[in-house]
Amino acid sequence: MIKHIADYYDVVIIGGGPAGAVTARYAVENGASVLILERDREPGIPVRCAEGVSHAGIEPFIDIDEKWICTQIKGASLHSPDGNFVEMYNNGLGYVLERRVFDRALVDLACSKGAVMLTKADALDLLRDKDQQIEGVRFSHLNQLYSVKCKIVIGADGVESQVGKWAGINTTLALDDIDTCVQYTVNNIKVNPDLCRFYFGNEVSPGGYLWIFPKSDTSANIGIGVGGSDTLPGKGPKFYLDRFMAQNFPNASVNYMVCGGVPTSNGTGFVTDHVMLVGDAARQVNPITGGGIVQAMIAGRLCGETCAKALKNGDFSKKSLNEYEKRWDKTLGVNQRFMYSVKNNFMKMDDNKFNSIVRAAKSVDPDKFTMYSLFKEALKEDPILLAKMATSFLVSRIKFDW
Amino acid sequence: MQVNQSLCDVCGTCASVCPVSAIRVKEFEIVFDNDKCIHCRKCLRVCPLEAIQEEK
């Protein structure tokens with residue numbers, strides 16, 4: 001084996017992003033030995049993310065450090081297809097992160113507690129014993145093949161996750177359940193550093209939205225997500241983003257460009273014998289906003305704690321590990337399933353309808369205006385949405401957050 | 001399917017929609033297993049840079 005890597009760990013985590021790092025931290029804190037296998041040369045790079053989070057979301061997991069904060073966000077503006085917009089300042093403090101530094105801080109935290117990471121370690125498949133029970137991971141590292149044994153495998157391997165599939169969990173996304181994204185990090189622009197902007201409309205970003213998340217008053221992440229079933233040849237996300245940039249920021253310097261997919265499904269069934277999925281791999285993403293950092297961290301904690309408990313009980317069956325999924329459902333899962341049930345009403349809304357919602361919402365005091373007010377306006381426009389919302393209110397208390 | 005490696009950003013969006021796990025995302029490249037591929041063309045629809053083409 002590689003010098004500092006043992007032959008056995010209680011838990012092997014595939015993927016060193018926020019989901020993997022937080023899972024690792026809570027597993028080791030509760031007594032498990034943990035190895036994180038990271039495919040790339042370092043965690044957090046390349047950054048495939050718009051980098052917006054809420055203060056309330058990350059604060060329970062890590063001490064806020066200005067090293068990984070670019071801007072403090074105080075509000076959001078929503079722009080309708082006709083060019084009208086409404087601002088809201090009542091959703092709590094947010095940040096635009098420097099993800100490459102933030103991700104490293106999360107990994108460092110896990111490793112300071114005793115987790116071990118190996119980078120350039122590309123997981124290839126799962127090891128099974130003579131009874132076909134999963135008992136480890138095979139991976140390649142610098143052109144050599146290795147095997148490591150474990151009791152639990154965690155798939156924190158992102159939107160393209162293969163771990164679930166190896167273990168028999170179908171994680172394939174339907175075209176309606178993925179947004180295809182391109183983002184430019186640009187300089188040489190003028191933006192309000194307090195405000196995240198969201199642009200909607202079938203001509204702007206069909207089936208998704210376009211965002212401007214400021215990283216300072218002269219730079220921002222400007223990106224777009226287009227619904228996977230809303231693309232046409234020559235009309236993918238880059239087409240729409242380039243058109244928006246030419247119209248709004250013709251002199252911007254594009255200093256970083258990145259692509260990616262955001263799962264917008266209703267993540268359920270991400271546990272089986274000896275295996276749990278977490279983060280984007282488990283589709284733990286807000287299906288309307290595409291936000292997934294805080295979700296991954298909340299799930300990571302639950303997943304890490306479940307690892308430790310299963311080890312104490314010596315029970316790694318689906319039934320035992322399912323405690324993680326049950327706790328996720330109680331914390332956020334039910335909320336996300338509601339979001340999923342209204343996603344298409346919202347994201348594929350007729351342009352005229354969206355125009356009139358934003359027009360109506362402008363009469364609300366910006367300091368009192370929240371996502372909830374927006375949905376209330378949307379309800380007046382859309383009776384199907386109203387029916388779905390009424391049903392979900394019966395099963396859960398809904399909390400809206402960007 | 002064929003991926004234009006000089007256009008590909010290796011983001012893995014294609015792999016997330018592939019129903020037969022015919023796409024492997026490595027550190028610096030996407031690898032297609034054309035024996036597994038069932039030509040559903042979903043990868044082609046979601047690729048942000050349209051880097052995937054159907055082989056003639």
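Residues numbered from 1 in each chain as written. Chains lettered and ligands numbered in written order. Predicted model: local features only at pLDDT ≥ 70, side-chain atom pairs only at ≥ 80, totals over all residues. Heavy atoms only, no water.

> Which parts of the structure should I look at to understand the side chain of A:Gln183?
Residue and element names in this part refer to chain A. Within the secondary structure layout, glutamine 183 lies in strand 12 (residues 178-187). In this structure the side chain of glutamine 183 is engaged in a polar contact, spanning 2.9 Å, whose partner is the backbone oxygen of cysteine 49. Among the polar contacts listed, one links the side chain of glutamine 183 to the side chain of tryptophan 211, at a separation of 2.9 Å. Those residues within four positions of glutamine 183 in sequence are excluded, and the remaining contacts are Cys49, Ala50, Trp211, Asn221, Ile222, Gly223, Leu241, Tyr256, Met257 and Val258. (Helix = DSSP H or I, 4+ residues; strand = E, 2+ residues; numbered from the N terminus. Polar contact = N/O pair within 3.5 Å; in protein donor to acceptor, adjacent residues only side chain to side chain. Contact = heavy atoms within 4.5 Å.)

> So what exactly am I meant to see when it comes to the packing of helix 6 (residues 293-313) of chain A against helix 7 (residues 318-347) of chain A here?
Helix-helix packing is described using two parameters, namely the angle between the two axes and the distance between the axes. All names here are of chain A. One can describe the packing of helix 6 onto helix 7 by two numbers: an axis separation of 8 Å at closest approach and a directional angle of 160°. As judged from the angle between their axes, helix 6 and helix 7 are roughly antiparallel. The two elements helix 6 and helix 7 meet at a crossing, and its hand is right-handed. Facing helix 6, whose interface residues are Gln295, Ile298, Ala299, Leu302, Cys303, Glu305, Thr306, Lys309 and Ala310, helix 7 presents Ser320, Leu321, Glu323, Tyr324, Arg327, Trp328, Thr331, Leu332 and Gln336. Residues belonging to the contact of helix 6 with helix 7 are distributed by class as follows: nine nonpolar, five polar and four charged. (Axes fitted to C-alpha atoms, helices over the stretch in contact; angles between N-to-C directions. Parallel < 35°, antiparallel > 145°, perpendicular 65-115°, else oblique. Left-handed = near helix turned anticlockwise from the far one by under 90°. Nonpolar A, V, L, I, M, F, W, Y, C, P; charged D, E, K, R; others polar.)

> In this structure, what is going on with the pattern of salt bridges? I would like to understand it.
Two side chains that carry opposite charge are able to pair once their charged atoms sit near each other. Within this structure, the stated rule accounts for 25 salt bridges over all chains. Between A:Asp122 and B:Arg24 there is a salt bridge, and its shortest N-O distance comes to 2.8 Å. Here B:Arg24 lies in strand 2 (residues 23-25) and A:Asp122 lies in strand 9 (residues 121-128), a pairing that spans two chains. Relative accessible area serves as the criterion here: at 29%, B:Arg24 is assigned to the partly exposed category. One salt bridge in this structure joins B:Glu54 and B:Arg41, with 2.2 Å as the shortest N-O distance. Here B:Arg41 lies in the loop between strand 3 (30-32) and helix 2 (42-46) and B:Glu54 lies in the segment after strand 4 (52-53), a separation of 13 residues in the sequence. A residue is classified by how much of its surface remains accessible, and B:Arg41, at 38% relative accessible area, is partly exposed. (Salt bridge = Lys/Arg side-chain N within 4 Å of Asp/Glu carboxyl O. Buried < 20%, exposed > 50% of the residue type's maximum accessible area, 1.4 Å probe, protein only.)

> Would you mind going over empty space enclosed by the protein with me for this structure?
In this approach a probe as big as a water molecule rolls over the atoms, and the regions it shows empty are the leftover space. Residues and elements named next belong to chain B. Inspection of every chain in the model, using the stated rule, returns six cavities of 30 Å³ or more. Its boundaries defined by the atoms lining it, the second largest cavity holds a volume of some 110 Å³. Along the wall of the second largest cavity there are 15 residues; nearest its centre are Cys8, Asp9, Cys11, Cys47 and Pro48. Classifying every residue of the lining of the second largest cavity gives 12 nonpolar, two polar and one charged. (1 Å grid on protein atoms, 1.4 Å probe; cavity = no way out; pocket = protein on both sides within 12 Å on 5 of 7 lines; lining within 4 Å. Points joined across faces, edges and corners; volume = space filled by probe spheres on them.)

> I would appreciate a short explanation of the interface of chain B and chain A in the present structure.
Interface extent is often summarised as the accessible area lost during association of the parts. The partner chain A presents 38 residues to the 24 residues of chain B that form the contact. The contact between chain B and chain A buries some 2200 Å² in all, and 48% of this surface belongs to carbon and sulfur atoms. Counting the surface chain B buries against chain A, the share from its top three residues, B:Ser16, B:Glu27 and B:Arg45, is 27%. There are four salt bridges connecting chain B and chain A. Our enumeration of links across chain B and chain A arrives at 17 residue pairs in polar contact (both at pLDDT 80 or more). The biggest single contributor to the side of chain B that touches chain A is helix 1 (residues 13-17) of chain B, with four residues. Classifying every residue of the side of chain B that touches chain A gives 13 nonpolar, four polar and seven charged. (Buried area = accessible area lost by both parts, 1.4 Å probe.)

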